[in-house]
Structure formats: structure tokens, C-alpha cells
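Commentary on secondary and tertiary structure
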Amino acid sequence: MNVKQVSEHIWSLKAWMIIPVHVWAVVGKDGVTLVDAGVPWMAKNITRLLDGLQAGPLQRILLTHGHADHVGSLKKLLEAKQVPVYAHSREIPYAEGRTPYPKKDKVSAGVPEGTLTALPEEASGALAPIGELKPYFTPGHSPGHVVYYHEGDDVLLVGDLFNSRKGKVLQARFTPDPDEAMRSSAILKELRPAKLEVCHGDTVLQPADQWDDLMKPYAGDNN
């Protein structure tokens with residue numbers, strides 16, 4: 001497993017599951033926030049990373065969504081550190097196995113029922129900042145998919161909203177509603193982050209510059 005410092009306050013941990021799998025540790029004023037929990041065999045290395053940062057206690061875990069490769073280490077992490085785990089309210093019934101994910105016949109209980117807390121919302125209905133991160137609702141890959149933006153470091157952590165390869169932004173694989181995912185991808189153009197971090201792929205610099213290429217498969221829809 002590889003650890004990389006992405007920016008002043010963000011570190012990524014990468015494991016391999018045929019394709020790369022990333023989680024992120026974000027250092028803040030009150031301690032550390034973990035974004036996603038990867039696959040089960042990442043638990044020991046996640047703990048090692050959090051301890052090695054010497055940046056205060058783990059305060060919370062934020063999920064981009066509840067698919068198995070994003071929640072796999074939760075059980076072991078929570079056995080050692082009792083912290084709240086947040087996900088979008090729309091994602092919780094799928095992640096906790098009460099409702100099958102879209103285009104799936106069976107439920108997938110990756111997270112025990114009652115584990116997840118809904119991300120807080122502002123009066124406007126927008127997701128409220130949590131720690132040093134601002135969540136944005138980006139459904140498509142899953143019903144309650146969320147991305148997290150660190151304004152100070154100008155880094156966008158997108159989970160499976162996108163994939164990437166050799167610095168190129170790609171449409172995410174295994175997305176049941178690709179049209180909705182592409183509508184959600186407008187967050188890239190809105191925020192124009194300096195860096196894009198995906199779960200399955202590598203860092204992309206100035207990703208909004210690739211917007212036109214990303215939209216090409218959909219150009220015909222407007223004709």
C-alpha cells in the first residue's frame with residue numbers, strides 16, 4: 001500500500017483490488033477526518049496512517065457512498081475508534097442493506113444498520129460543511145453519492161463520480177444511471193479545483209480543463 005501527500009492537509013492511501021482503491025485522511029483543526037474506508041485489508045494501514053500523521057484523533061469518517069469497496073474497513077476501524085460515520089441520507093438505506101442498489105436484485109448490507117448518520121444540511125437544503133470539507137450531492141453512481149471539497153487546498157475528493165487514468169478524467173465504471181452522473185459532474189465545472197482525487201485512478205490536475213472532452217459522448221443528445 002502506498003501513502004501520498006496530496007496537498008498541505010490531505011493524504012491518500014492506495015491499495016490494489018485489480019484496480020487501485022484510495023481513501024483520504026484530511027487534517028483539520030480538531031483532528032483528522034477519514035474519507036471512505038476502502039476494502040477490508042486496508043484497515044491496518046489506515047490506522048497506521050492516522051497514527052503516523054500525529055495530527056490529533058480521528059474525529060469522523062465521511063463516505064462518498066456505501067459500495068463495498070468504500071466501506072470495507074469500517075468494522076475494524078470502529079472497533080478501535082468509536083467515531084461517527086456520515087453518509088447522505090439517501091444513501092443510508094442502500095448502504096445498510098434495507099433497499100437494493102439500483103439494478104441490483106439483492107440488498108448489500110456493507111454497513112450494519114444504525115451505523116450511519118445523515119450528513120447535516122443547511123436551512124436551504126444544501127449539505128453543510130463538516131470539518132474542513134464541504135459536501136456536494138452528486139447522485140448517479142449511487143442514489144446518495146457525495147463528493148467533498150477542501151477549499152483551502154483546492155482539492156476535490158470525488159469517490160466514484162469519476163475514474164481517471166494517467167491524468168485523464170474518465171466516466172466511472174459500473175454506474176447504473178450514467179445520465180444522472182454526468183449531470184452531477186457539473187460540480188467539476190462549478191468548483192474548478194486545482195486537483196481531482198478519485199477512488200479508482202490517479203490525481204488529475206486542473207480537471208475542469210477536460211470538461212469538453214468529458215462531455216463529448218453526450219454531445220449528440222442535444223441534436
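Residues numbered from 1 in each chain as written. Predicted model: local features only at pLDDT ≥ 70, side-chain atom pairs only at ≥ 80, totals over all residues. Heavy atoms only, no water.

So, the layout of surface pockets
Roughly 500 Å³ of internal volume is contained in the largest pocket. As for the largest pocket, its lining consists of 20 residues, and the residues nearest its centre are His 67, Asp 69, Lys 104, His 141 and Phe 174. Split into classes, the residues belonging to the lining of the largest pocket amount to 8 nonpolar, 6 polar and 6 charged. In this structure, the second largest pocket encloses a volume near 350 Å³. If you go around the second largest pocket, you meet 20 residues; those closest to its centre are Pro 20, Ser 164, His 200, Gly 201 and Asp 202. Mapped by element, the contributors of at least two residues to the lining of the second largest pocket are β1 (2-5), β2 (10-17), β3 (19-28) and β11 (162-165). (1 Å grid on protein atoms, 1.4 Å probe; cavity = no way out; pocket = protein on both sides within 12 Å on 5 of 7 lines; lining within 4 Å. Points joined across faces, edges and corners; volume = space filled by probe spheres on them. Nonpolar A, V, L, I, M, F, W, Y, C, P; charged D, E, K, R; others polar. Helix = DSSP H or I, 4+ residues; strand = E, 2+ residues; numbered from the N terminus.)

Describing unusual backbone geometry
Note: most residues except glycine have negative phi, and most peptide bonds are trans. In this model, Gln 54 sits at a positive phi of 50°, which is unusual for a non-glycine residue. Within the secondary structure, Gln 54 sits in the loop between α1 (43-53) and β5 (58-62). For Arg 192, which is not a glycine, the phi torsion comes out positive at approximately 50°. Residue position: Arg 192 is located in the loop between α6 (186-191) and β13 (195-197). With relative accessibility at 43%, the residue Arg 192 sits in the partly exposed group. (Buried < 20%, exposed > 50% of the residue type's maximum accessible area, 1.4 Å probe, protein only.)

Some points on the environment of Gly 28
Within the secondary structure, Gly 28 sits in strand β3. For Gly 28, a relative accessible area of 17% puts it in the buried group. Sequence-wise, Gly 28 and Val 146 are 118 residues apart; in three dimensions their C-alpha atoms are separated by 20 Å.

Description of the packing of aromatic side chains
Following the criterion strictly, the structure yields 1 aromatic pair and no others. Ring geometry for Tyr 94 against Tyr 101: centres 5.3 Å apart, planes inclined by 25°, an arrangement best described as stacked. Look at Tyr 101 and you get buried, because its relative accessible area is 7%. (Phe/Tyr/Trp six-rings, centres within 6.5 Å; stacked < 30°, edge-to-face > 60°.)

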